[in-house]
Each structure stands twice: as structure tokens, then as C-alpha cells.
Amino acid sequence: MEDKKVIFSGIQPTGTFTLGNYIGAVRNWKPLQDEYNCIYCVVNMHAITVRQEPAKLRKNTLDAYALLMACGIDPEKSILFIQSHVKTHAELSWVLSCATQFGELSRMTQFKDKSKRHPDDINAGLFTYPVLMASDILAYNADLVPVGVDQKQHLELARNIAQRFNQRYGELFKIPDAYIPEVGAKVMSLQEPTKKMSKSDENPNACILILDDKDTIIRKFKRAVTDSESEICYREGKDGINNLMTIYSSVTGKNFDEITSEFAGKGYGDFKIAVGEAVADHLAPIREKFAEYSADKEYLKKCYTEGAEKALAYSQRIVSKAYRKVGFVDIK
Ligand code: TRP
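Not measured: the values here are computed from a predicted model. (Residues numbered from 1 in each chain as written. Predicted model: local features only at pLDDT ≥ 70, side-chain atom pairs only at ≥ 80, totals over all residues. Heavy atoms only, no water.)

Draft legend 1. Just the overall build of the protein, in detail. Looking only at helices and strands, the protein features 13 helices and 5 strands. Compactness check: the protein gives a C-alpha radius of gyration of 21 Å against a globular reference of 20 Å for 332 residues, within 12% of the reference. Each principal axis of the C-alpha atoms in the protein carries an extent, and together these give about 75 × 45 × 40 Å. Looking at the protein residue by residue over its 332 residues, the buried ones come to 49%. (Helix = DSSP H or I, 4+ residues; strand = E, 2+ residues; numbered from the N terminus. Rg over C-alpha atoms; globule rule 2.2 N^0.38 Å. Buried < 20%, exposed > 50% of the residue type's maximum accessible area, 1.4 Å probe, protein only.)

Draft legend 2. The pairing of strand S2 (residues 37-42), seen in detail. Most of S2 is tucked away, with 6 of its 6 residues classed as buried. Pairing analysis gives 6 bridges linking strand S1 (residues 6-11) to S2, with the strands arranged parallel. By the bridge assignment, Val6 is partnered in S2 with Asn37. Chirality of the crossover, the property in question, places the unit of S1, helix H1 (residues 19-35) and S2 among those that are right-handed. Sheet topology note: the S2/strand S3 (residues 79-82) ladder contains 4 bridges and is parallel. Bridge assignment links Ile39 to a residue of S3, and that residue is Ile79. (Pairing = 2+ DSSP bridges. Right-handed = clockwise from strand over helix to strand, strands pointing away.)

Draft legend 3. Summary view of unusual backbone geometry. The backbone of Asn141 shows a phi angle near 45°, a positive value even though the residue is not glycine. When you line up the elements, Asn141 lands in the loop between helix H7 (124-138) and strand S4 (144-146). We classify Asn141 as buried; its relative accessible area is 15%.

Draft legend 4. Looking closely at the packing of helix H12 (residues 268-295) against helix H13 (residues 297-326). At their nearest, the axes of H12 and H13 sit 5 Å apart, and the two run at 85° to each other. Classified by the interaxial angle, the pair formed by H12 and H13 is roughly perpendicular. Across the interface between the two elements, Tyr293, Ser294 and Ala295 of H12 pack against Lys297, Tyr299 and Leu300 of H13. The class makeup of the residues in the contact of H12 with H13 is 4 nonpolar, 1 polar and 1 charged. (Axes fitted to C-alpha atoms, helices over the stretch in contact; angles between N-to-C directions. Parallel < 35°, antiparallel > 145°, perpendicular 65-115°, else oblique. Contact = heavy atoms within 4.5 Å. Nonpolar A, V, L, I, M, F, W, Y, C, P; charged D, E, K, R; others polar.)

Draft legend 5. Quick look at the nonpolar core. Counting residues in each nonpolar core, the largest one holds 58 residues, and the members touching the most others are Leu19, Tyr65, Leu68, Phe221, Ile247, Phe271 and Val279. In terms of residues, this core owes the most to one element, H12, which gives 11 residues. If we ignore the near neighbours within four places in the chain, the residues touching Val279 are Leu19, Ile217, Phe221, Ile247 and Val251. Counting residues in hydrophobic clusters, the runner-up holds 41 residues, among them Leu92, Leu105, Val131 and Ala134. (Core = buried A, V, L, I, M, F, W, Y, C linked by side-chain atoms within 4.5 Å.)

Draft legend 6. Structural detail: the packing of aromatic side chains. Tallied over the full model, the rule gives 16 aromatic pairs. Aromatic pair Phe81 and Tyr140: ring centres 6.0 Å apart, planes at 45°, arrangement tilted. Note that Phe81 is positioned in strand S3 and Tyr140 in the loop between H7 and S4, a separation of 59 residues in sequence. For Phe81, a relative accessible area of 0% translates into the label buried. Look at Tyr140 and you get buried, because its relative accessible area is 0%. An angle of 75° between the planes, with centres 5.9 Å apart, marks the rings of Tyr248 and Phe271 as edge-to-face. Of this pair, Tyr248 sits in helix H10 (residues 239-252) while Phe271 sits in helix H12; the two residues are 23 residues apart in sequence, bridging distant segments of the chain. Judged by its relative accessible area of 0%, Phe271 falls in the buried class. When the ring centre of Tyr314 is taken as origin, the NZ or CZ atom of Arg317, which lies over that ring, is 5.3 Å away. (Phe/Tyr/Trp six-rings, centres within 6.5 Å; stacked < 30°, edge-to-face > 60°. Lys NZ or Arg CZ within 6 Å of the ring centre and 35° of its normal.)

The structure is reproduced here in C-alpha cells:
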């Protein structure tokens, strides 16, 4: 690989992505491939920190992989792989867990939230989740990590762990920075537009999945919650309309002024249908590519096998150095 900066990001295999995951994150991963050495990982090991049905996890992992390809991640250009295929992540995770304090992990807000939500399964993996995430990043000496706000605390911890390790054992790890994309709007729930769009929302109309078909997408947008006015413009307090404008803008490239003039004199009903159609048209090629990739199991397997080989070769160099630095005996 040439001398470009390294970007690492991971995504959980939770079935299909939402329009929020797509617009806020995955969509920005594609253009990064030209400027950076990109390493993208389906983090199925993180997934088992909450209870999973094994068959479903297996399917979701392969689907996530095929979806990333459908979203334009090119396994020839980037290293695209499945976390459990690359043993260095777990190996480094052990070493780094010994450089992480109980107190630090106890302060992670995601751990606190998740343990509240799953009080019957506060497992050790859930607690050490951020150490595995730090290992994902540090095993590749990543310069930049695209993360949403919910992962900022984990990235901060990864930086602290890297610094502590370097101080204790001598320079090894790069201190990774957060990568905040220039565009990358936050998509809100269609039913409660002050809340983030989420697949776990109980109301299925709140969330667009990127594999939803056109009719479903349009139906969900038609039911989107707006306000009692009639003007289509971006203004504080108009959360529902602002969200629709953000979505429309990010799939059409039009700015808010252009959208306001386009819909001057038209009603919310027309606008909602237009947003639905624009989103459905934008997502149609992704759906088609996804169907193509996931039907071709052999090709998919070839891609993730080669991805894992590249990821192992890359991370092994760094993890071997970490082993040596802490005083593990070489075998050769
Ligand atoms: N914890 C991240 C999330 O839930 C996923 C993740 C795992 C990740 N390892 C990573 C993200 C490394 C960035 C870098 O979104």
C-alpha cells in the first residue's frame, strides 16, 4: 500500500443498515477510498456482547459484508474483512486489557446504558468491549477513525490506552484521531424527529432500511410526522420538515434554498412523496447490487477470505511488536 493515511472503521452486523447509518456513515466511506488506505471491518465479535441467535448472526455478518460492497466499498481498493477471521484483534485485546483500568471502563456511558437495558446479561465482554475496539484500531496503526458521537468516548479511551502502552513499553502505537466527514448529516426518526433514526424503534414507520422496497419507502415517508404549518423551509422548531429536507438534500445534492423554491406553493403531502421517491431511486442500485453480491456466495467468500489475509498480514506486524515489547517470548 502506498504512503497514504490509514482509516479504520468498524460496523456492527445488525442486519440491514438504516438510512441513518447510510447517510451518516457508510455513504462517506466510499469516497475515502481514493484518498486513504481504508480498512473496514464487520465487527461480529463486538456483536456477541449482547445475546445473538447464532444462525442470525452468521447471516447478518455476511449481509453486512455484501451491503458494504453494495455501498461502494471495493475489496480491491480497501481491506474489507470480518473481525472474527483475524486473530490479531483478540490477541491484542488481551494485551491492551492489561493496560486498561477497571475505573476507565466503568465510566463508559455505553456500558452503563447497555447494562441497564440488559440487566440479566452484564457480561465481561460488554465491559471490555472498548478494549476490543481499541485493538481493532491500534492493530492497524490507524491515523483516522470515522465515528459518530456515540463512539467518541470509546475512541478517546483508545487514545489513552495507546499513550499508556507507549509510555510503558516504548513507542509503538499511533494515536488515532476522530475523522469527522465534511458532509454526513444526522438522520432523525420519521415518527419522533427529535430522536435519532434507529432500527430498534418500536414503530416500524420511524425508520427506513436501505433494503426497503420503493413502495415501503414512500409509504413510510407519507406517514412522517411534520408540523401544523405548511411552509417547506428549514427553521428551528420544524424538526420533521428539517429532517425531510436534510434527507432530500443528501440524496439529491440540492441545498435547502433550492429545496424551498422547488416546493414553493406545494403542500407537505407532495414534498413527502418527492422525498420518498428520491430516496427510493437513490437506494435502488444498492438493493440491486446487494442482491447480486449476496447471491454469489463464492465471490463473497473469495472477497472476505482475501480481505482477512490482507488484514492479518497487516496487523500481525504491529501485534508481534506489541508482544515483543511486553516481554512475550518469540517463537520462530
Ligand atoms: N463500536 C462501534 C459501533 O458500535 C463499532 C466498532 C468496533 C468500531 N470497532 C471499531 C468503529 C473500530 C470504529 C473503529 O459503532
